[in-house]
Amino acid sequence: MCSLLQRMRSVVVILILFFGASSLSHAQTLGGSAVFQFLKLPSSALQSATGRLNVSLSAPDVGATLINPALLHDELHGTVGASFLNLFGAGRALHAAGVNKLTRWKATSVAGVTFVDYGQVPQTDAAGNELGTFSAREYALQAGFSKSYKERWYYGGTLKFAGAQYGRFSSFGLMADVGLRYSDTVHGLQAGFVMRNAGAQLRRFETASEELPFEVVAGVTKKLEKAPLAFSLTGQYLHRLRVSYPDSLTAAGRSTVSLGRELFNHLIVATHVYISSQIQVHAGYNALRAFELRNNNFGSGLNGFSGGLLVQLKAVQIQYASTWYNRRPTNQVSLNVQLARPGTSGL
């Protein structure tokens, strides 16, 4: 009983600390003005295929644990994963992580790295005259853990160090995530909650401090009992009501956004099709992304939609995802390899 109370007290303290850290942050502005925006990139092709992020779907995916640490579980022990995402222009993003079971502490840990390289960017003056080029890079190191509470609850936390360098300007900060997960395998129901990127900017680009990409995300996944299907509903940016940037050039000619549309833009919906034990198909729709990419000059087309394939071999898993942005998609490929046999002990 005392051990149970201690665990519950620890969870409550963690939540209070992170909510306090987030409340000390500046009010979040619209239009992507926060620093370290690369932390919002999907860390695996499976996450990308389901609409950017999914905090409730429990799958053998190392990259998902970088989004919600509560998605860590013992079955991922000894698994390493890497993900490659092509961005627009010369931009490239790489995620890599490994999972280990901490037998002594009855927990599971993950360590990961993110590196984004935008290549050589033209340097210009105020008049637009090119003065040369400069390199632009972003990176993050993170470590997290997860523990179970009774049979269906999991909680976890992640500590991350993030930095960015654009030519002679650089910045870095220290942030943390805290996540919860509920898993009812009997009824095929899963739910997840995570607060991401709460912390502080330790070094500024210049004298003014920038905001951090803090966000609160919650979701639920339900698997059908008599069909190889599952559906996910995820709410993004739940710490604020207004998430849409009203721009008369891109938002269907409106300078304001209705309350109904604001609520809808919080949603990400996804479908999971389990063709066999080795093959899965995933598809998602991100309402906010579709809204932000809408343009008066041409239809929204496939904006907001994403899809992908997961192939599970004996000890190797291959993921592929494609996400549509107006005239062309971005592609992401992930590879997970299980180096340790299932059931083996960790540290």
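What counts and how
- Residues numbered from 1 in each chain as written.
- Predicted model: local features only at pLDDT ≥ 70, side-chain atom pairs only at ≥ 80, totals over all residues.
- Heavy atoms only, no water.
- Salt bridge = Lys/Arg side-chain N within 4 Å of Asp/Glu carboxyl O.
- Helix = DSSP H or I, 4+ residues; strand = E, 2+ residues; numbered from the N terminus.
- Buried < 20%, exposed > 50% of the residue type's maximum accessible area, 1.4 Å probe, protein only.
- Core = buried A, V, L, I, M, F, W, Y, C linked by side-chain atoms within 4.5 Å.
- Contact = heavy atoms within 4.5 Å.
- pLDDT = per-residue confidence, 0-100.
- Phe/Tyr/Trp six-rings, centres within 6.5 Å; stacked < 30°, edge-to-face > 60°.
- Lys NZ or Arg CZ within 6 Å of the ring centre and 35° of its normal.

### Description of the pattern of salt bridges
Counted under the stated rule, the structure contains five salt bridges. For Glu215, the salt bridge identified is with Arg52, shortest N-O distance 2.9 Å. Of the two residues, Glu215 sits in strand 8 (residues 215-223) while Arg52 sits in the loop between helix 2 (45-49) and strand 1 (79-86), which places them 163 residues apart along the sequence. What makes Arg52 buried here is its relative accessible area of 8%. If you follow the salt bridges from partner to partner, you end up with Arg52, Arg196 and Glu215 in one network.

### Notes on the nonpolar core
Counting 15 residues, the largest nonpolar core has Phe36, Phe38, Leu39, Leu41 and Ala162 as its most contacted members. Counting residues in hydrophobic clusters, the runner-up holds seven residues, among them Leu72, Leu76, Val99 and Val110.

### What to know about the side chain of Thr79
One can find Thr79 in strand 1. Thr79 gets classed as buried once you look at its relative accessible area, which sits at 6%. Residue contacts for Thr79: discarding those within four places in its chain leaves Val62, Ala97, Gly98, Val99, Asn336, Val337 and Gln338.

### Considering the confidence of the model for the protein chain
On average, the protein chain scores 86 in pLDDT, and the residues at 70 or more come to 84%. Of all helices and strands in the protein chain, the one with the weakest mean pLDDT is helix 1 (residues 2-23) (48), whereas strand 9 (residues 229-235) scores best (98). In this model, residues 22-27 is a region of pLDDT below 50 whose contacts with residues beyond four sequence positions or in other chains number six contacts.

### Topic: the packing of aromatic side chains
Inspection of the entire model under this criterion finds five aromatic pairs. Its guanidinium or amino end placed over the ring of Tyr154, Arg181 lies 4.1 Å from that ring's centre, counting from NZ or CZ.

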